[in-house]
Amino acid sequence: MAASDVNFEKLIAPSQGERFTFDSSGDPDTPDNPVVCLIEGDGIGRTFDGVPGITETSVEVIDAAVEKAYGGKRKIEWFNVHAGDASREIYFPDVTDEDLKGLPPQRQRDCYLPQDTLKAIDYYKVALKGPLTTPIGGGFSSINVALRQIFNLYVCLRPVRHYPGVPAPNVNAPKVNMHLFRENAEDVYMGVEEVGGTERAQKIINLLNEELDYKNRLAEPIKLSSGVGIKPISPEGTKRLVRRAIKYAINLGLPSVTLVHKGNIMKFTEGAFKNWGYEIAKEEFRDKIVTEDELWADGDTFRGGAPKGNPGGRILVKDRIADSMFQQIQLRPEDYSVIATPNLNGDYLSDALAALVGGLGLAPGANIGDGAAIFEATHGTAPKYTGQDKANPGSIILSGVLMLRWMGWAEAADLIERGIETTINESAEAASKGPGGKLYVTYDIARQFEGYSEKDGVKASEFGKRIIQNMA
Ligand code: NAP
């Protein structure tokens, strides 16, 4: 099918650029001029009256890196598509807030995530996305969650590392270099839950108490007034996630993959996640991995400390219970590299990790499936900074870095990472000489240097330009 065969209501498909194709494992074969859909996002993502939002600034940095790395041989063709407030303004300008509340959930969602956008991503398969507001009180789930579900983007990948010079609350921050694979499609985020006291909730409770005999298995029967949530975790869902995590570790030469679970309490969901994770590691990657148990059995005693990765050049596969993992990432971050975990654990862990290294401004994310991917900042729309060219664009820029690596354009990704490192480093050095030095970082980093306040930060667009200058 050609782009011209897709019937858009208001979008005009790019006249240049090619679609991504994918191999049988769902990994991309990237053309030299791929079309990537671009969702500017709400709040700090949007450009207003010529004042650039963080998405526009990020695209400038990504384009500059691609141009510098490939000298015009490769280029991304951006296709602007709409979601969030922009979509409502373009597609449904006459729908008032009052009208919106009266619409059924599907129609409400259409206002913020129009069919045109879904068709474009479905056709081109890849998008970079700024943050989107979740309208509070709307009858539909978050647009971010909807996009992951519609395109079956079952991996949420969040790499977290410390950038030298960024002040961080934990002395071990410089040792943090983790790559979190959070399961995106199962677990409690599936939204299988019922309101307490309703007929539907009571049906489920009756089934559990009576037919499945929980009234005799528990100290007291489940109360009929309870709200109920279901936590489905399947072998298929687990194995496709852990497979991607191990392949990623192999491709990047990383030392270990840790399965994080709460299997001591939730045996048949979280505990099964751990078992299925080990199963696929041994079934599909036998010659490339070794498990912690196997090392113990071999007499390699490292109790009280994890073995330092890559024993015998193989990837160490191990598991940790979720609560213990929260202290491990603070006390022994150097022992952890790739992490694979069910949805809710991953949600908590990714924010804790981002905080550990100095905040959300430099926390990128990717939602990846077989044959489709959406790359996005992990923070929200920070509405109080809208239209000020102030918020840190680092998270979207680094989401672009993730996208470039996923595309196989590592040279451009490396250039951006080095540009960011140098830019932060030179500011940290200036700040270390005392107050009054010239900084090139945004307010959120500037205010963390001793003797400096957020007023010493530069505009987001200046930070972006400095990153471009420092790409080498
Ligand atoms: P938020 O937008 O992430 O902002 C919370 C605080 O985090 C900001 O006030 C700011 O802290 C800091 N921050 C966030 N982004 C930053 C950046 N780029 N640079 C520097 N600092 C940054 O969280 P929220 O206020 O709870 O959420 C606002 C809206 O975003 C909600 O509608 C929410 O649903 C949505 N949201 C969307 C996504 C997504 O699109 N993936 C994710 C999360 C939330 P300081 O005040 O200390 O400067």
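No experiment lies behind these values; they were computed from the predicted model shown. (Residues numbered from 1 in each chain as written. Predicted model: local features only at pLDDT ≥ 70, side-chain atom pairs only at ≥ 80, totals over all residues.)

Novice: Just checking my understanding: could you explain the domain arrangement of the protein chain for this structure?
Specialist: Many analyses report the size of an interface as the accessible area lost when the parts associate. Domain annotation for the protein chain reports domain 1 (1-163 + 360-472), domain 2 (169-187 + 234-356) and domain 3 (194-229). Computed over C-alpha atoms, the centres of domain 2 and domain 3 are 34 Å apart. (Domains from an automatic or database assignment.)

Novice: Any chance you could explain the sheet that holds strand S7 (residues 177-183) here in plain terms?
Specialist: Strands in a sheet are paired, the pairing made by backbone hydrogen bonds, and the direction either parallel or antiparallel. Here eleven strands make up an open sheet; going across it, the order is S4-S3-S5-S15-S14-S6-S7-S13-S10-S12-S11 and the pairing mixed. Two strands bound the open sheet, and with one partner strand each, they are strand S4 (77-81) and strand S11 (289-291). Geometrically, the sheet is characterised by an average inter-axis angle of 25° between neighbouring strands, direction not taken into account. Of the strand pairs in this sheet, S7 and strand S13 (residues 338-341) are connected by four bridges, and their pairing is parallel. Residue leucine 180 lies in a different strand from S13, and its bridge partner there is isoleucine 339. Along the sheet face, helix H5 (residues 115-124) touches strand S3 (35-39), S4 and strand S5 (126-129) and points at about 155° away from the line of S4. (Pairing = 2+ DSSP bridges. Helix = DSSP H or I, 4+ residues; strand = E, 2+ residues; numbered from the N terminus. Axes fitted to C-alpha atoms, helices over the stretch in contact; angles between N-to-C directions. Contact = placed C-beta atoms within 7 Å.)

Novice: Sorry, what's going on with the environment of glutamate 98 here?
Specialist: Looking at the secondary structure, you find glutamate 98 in helix H3 (residues 97-102). By C-beta crowding, glutamate 98 is classed as exposed, having 7 other C-beta atoms within 10 Å. Placed 109 residues apart in sequence, glutamate 98 and leucine 207 show a C-alpha to C-alpha distance of 40 Å. (Buried ≥ 20, exposed ≤ 12 C-beta atoms within 10 Å, placed from the backbone.)

Novice: Where do I start with helix H10 (residues 267-285) in this structure?
Specialist: For an α-helix, 3.6 residues make a turn, and residues three or four places apart therefore share a direction. In this model, H10 (19 residues) spans 25 Å end to end at C-alpha, consistent with the 27 Å of a helix rising 1.5 Å per residue. A maximum bend of about 25° is found in H10 at phenylalanine 273. Looking at H10, one finds that the buried residues are Thr269, Glu270, Phe273, Lys274, Trp276, Gly277 and Ala281. Considering only its buried residues, H10 is in contact with helix H9 (235-252), strand S10 (256-261), S11, strand S12 (315-321) and S13. (Expected span 1.5 Å × (residues − 1). Bend = angle between axes of the 7 residues up to and from the residue.)

Novice: In this structure, what is going on with the site of the ligand? I would like to understand it.
Specialist: Around the ligand sit 18 residues, and of these Pro131, Thr134, His379, Gly380 and Asn392 come closest. Its residues assigned to classes, the shell around the ligand comprises seven nonpolar, nine polar and two charged. (Near = placed C-beta within 6 Å. Nonpolar A, V, L, I, M, F, W, Y, C, P; charged D, E, K, R; others polar.)

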